Each structure stands twice: as structure tokens, then as C-alpha cells.
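These are the residues of each chain, in order.
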Amino acid sequence: MSYLWMNVFKGLATVLPVALTVYLIYWLGLNIEKGLHPVITSMVPEEYYIPGMGLAAGVVLLFFLGLAVNAWIVRQLIWVVEKLLERIPLVKSIYGSLHDFMDYFAAGKSRGGLKQVVLVSFGEARLIGFLTRERIEDIPGLAAGQNDDIVAVYMPLSYQIGGFTLYIPRSQIEPINISMEDAMRRVLTAELSKSASGDRKRPVK
């Protein structure tokens, strides 16, 4: 029985990530299609409607919305709406988390302010972190001149959405040449992810 369940879980671990990804894409496309279907049929007769037109219209709409965000007046309107949302106690927490999450993955962003993947030294131990500020000048309690050598490093926690910020001397960090995505995956999965460690191999034919 243990051998049976072990292989069942192996199969589930193989299928589940792919299935959930495909389902998420399908769910998103289906909802865009349903949401824009009434809008399109209000301008085009129902008999001329082709399945997929709503999805195509959604992609086009998002494209032009992305272009519109570059306009000054649109940015000002978004800023006003954001300030209003930040005044509502529960809504500001939800909106702030979603906003930061989308900022991280948005194209053209520097990974939400993450500048460089670094190794942080604690004695003989090494931890992966993300340099967020290279010069800290406003930390109280440090002697004059010490702030010039202090950097801010974000340390995410494995298997959790969160982390903490270290203010440490520059001498304790060492830049490493790996991508932000690879470093974040390694940290968040505690090096258990095969794709993070490079252990994922092409199936043998």
C-alpha cells in the first residue's frame, strides 16, 4: 500500500501544477469572454458573434489600457482613486497587497525595487537576499558616517508570503549572478524545487 500511495502522490505532483496552471488560464479567459459578451452583442448582432471575440476584445482592451496609463491625466486619476482606497481600513490592506504583488510581476518594473541578488554572510552561514537600497542615510542610532556603509536587504521566508528587511554593512553581502526569479524560487521553496536547483532533467527517450 505504501508503494501504491507513493506512486499516486508522485503522479499527482506531476499533474497538479500543470492542471492548475491550465485551469487558471482557462478560467481567466472564460470570465473575460463572458464579461465582454454582452458588450459586443450590444454593438454586433448575436448571429454575427463568434466565440472568442470577447477574449480577443479583452486582450485589445488591456493593451490600450496599458498605453493609457502612460498619459498624465490617467495617472492622476489612478492616484486619486488609490488615495481614496487607502482611506478605507480593510480595503487598503487588500488593495495594497494586490498592488504590490502586481507591481512585482508587471513588465518594465525592476522587480518591485529588487536591485540585485546577494548572499548575506552570518558567520559560516550564507543566506540568499535581495538588495533593495544601496545607500541608507536615515537610520537613527548609528554613529556619524556609519550610514554610508549600510545597505537594505530583503530576506523572504521559505513557504510563506512575507519576510524581513536587514540593515547591514555592505561587507556582509556578496552579489551573485542568478536571476531574480530563480533566486526567489530557491528561497520560497527552501531548495526543494527541482527547477530551482537545476535538477529537473529532460525525460530519457
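Conventions used here
- Residues numbered from 1 in each chain as written.
- Predicted model: local features only at pLDDT ≥ 70, side-chain atom pairs only at ≥ 80, totals over all residues.
- Heavy atoms only, no water.
- Pairing = 2+ DSSP bridges.
- Helix = DSSP H or I, 4+ residues; strand = E, 2+ residues; numbered from the N terminus.
- Axes fitted to C-alpha atoms, helices over the stretch in contact; angles between N-to-C directions.
- Contact = heavy atoms within 4.5 Å.
- Core = buried A, V, L, I, M, F, W, Y, C linked by side-chain atoms within 4.5 Å.
- Buried < 20%, exposed > 50% of the residue type's maximum accessible area, 1.4 Å probe, protein only.
- Patch = residues over 30% accessible without salt bridge, like charges linked within 9 Å, V, L, I, M, F, W, Y side chains within 5 Å.
- Areas by Shrake-Rupley, 256 points an atom, 1.4 Å probe, with all protein chains shown as cover.
- Salt bridge = Lys/Arg side-chain N within 4 Å of Asp/Glu carboxyl O.
- Expected span 1.5 Å × (residues − 1).
- Bend = angle between axes of the 7 residues up to and from the residue.
- Parallel < 35°, antiparallel > 145°, perpendicular 65-115°, else oblique.
- Nonpolar A, V, L, I, M, F, W, Y, C, P; charged D, E, K, R; others polar.

Chemist: Summarise the sheet that holds strand E4 (residues 163–169); cite the residues concerned and give the values.
Modeler: The five strands lie next to each other as E4-E3-E2-E1-E5, forming an open sheet whose pairing is antiparallel. On the outer flanks of this sheet lie E4 and strand E5 (173–175), each paired with one strand and no other. Each strand of the sheet is rotated relative to its neighbour by a mean of 40°, with strand direction disregarded. The pairing of strand E2 (residues 125–133) with strand E3 (residues 150–156) spans three bridges and is antiparallel. Directly across from Arg133, in E3, lies its bridge partner Ala152. Sheet strands touched by helix H5 (residues 180–188): strand E1 (116–122), E2 and E3. Its angle to E2, the strand with the most contacts, is close to 130°.

Chemist: Run through the nonpolar core, naming residues and quoting values.
Modeler: Grouped together as the largest cluster of nonpolar side chains are nine residues: Val118, Val120, Leu131, Val151, Val153, Met155, Leu166, Ile168 and Ile173. Mapped onto this core, the elements with two or more residues apiece are E1, E3 and E4. Setting aside residues no more than four positions away along its own chain, Val120 makes contact with Ala125, Arg126, Leu127, Val153, Met155, Leu166, Ile168, Gln172 and Ile173. Within the second largest apolar cluster, eight residues are counted, among which are Val117, Ile176, Met180 and Val187.

Chemist: Run through a nonpolar patch on the surface, naming residues and quoting values.
Modeler: A cluster of nonpolar side chains, namely Met1, Leu4, Trp5, Val8, Phe9, Leu12, Leu16 and Leu20, defines an oily patch on the protein surface of about 850 Å² accessible area. Residue classification places Leu4 among the partly exposed residues on the basis of a relative accessible area of 48%.

Chemist: Lay out helix H1 (residues 2–41) with the relevant residues and their values.
Modeler: Helix length check: H1, at 40 residues, gives a terminal C-alpha distance of 56 Å against a target of 58 Å (1.5 Å per residue), a fit within 8%. Within H1, the axis deviates most sharply at Val15, by approximately 30°, and proline Pro17 lies no more than four positions further along. Among the residues making up H1, those that are buried are Gly29, Glu33, Leu36 and Ile40. The secondary structure elements touched by the buried residues of H1 are helix H2 (53–68).

Chemist: So what's going on with the environment of Phe130? Which residues, and what values?
Modeler: With respect to the helices and strands, Phe130 occurs in strand E2. Residue class for Phe130 comes out buried when judged on its relative accessible area of 0%. For the pair Phe130 and Tyr154, spaced 24 residues apart in sequence, the C-alpha to C-alpha distance is 5.1 Å.

Chemist: Hey, could you go over the environment of Ala57 for me, with residue numbers and the actual values?
Modeler: Tracing the backbone through its elements, the reader meets Ala57 in helix H2. Leaving out residues up to four positions away in the same chain, Ala57 has contacts with Leu36 and Ile40.

Chemist: Could you give an account of the packing of H1 against H2, with specific residues and numbers?
Modeler: Relative to each other, H1 and H2 sit at 95°, their axes nearing to 7 Å. Here H1 lies roughly perpendicular to H2, going by the angle between them. For the pair formed by H1 and H2, the contact residues are Gly29, Ile32, Glu33, Leu36 and Ile40 on the first element and Met53, Gly54, Leu55, Ala57 and Gly58 on the second. When grouped by side-chain class, the residues that make up the contact of H1 with H2 number six nonpolar, three polar and one charged.

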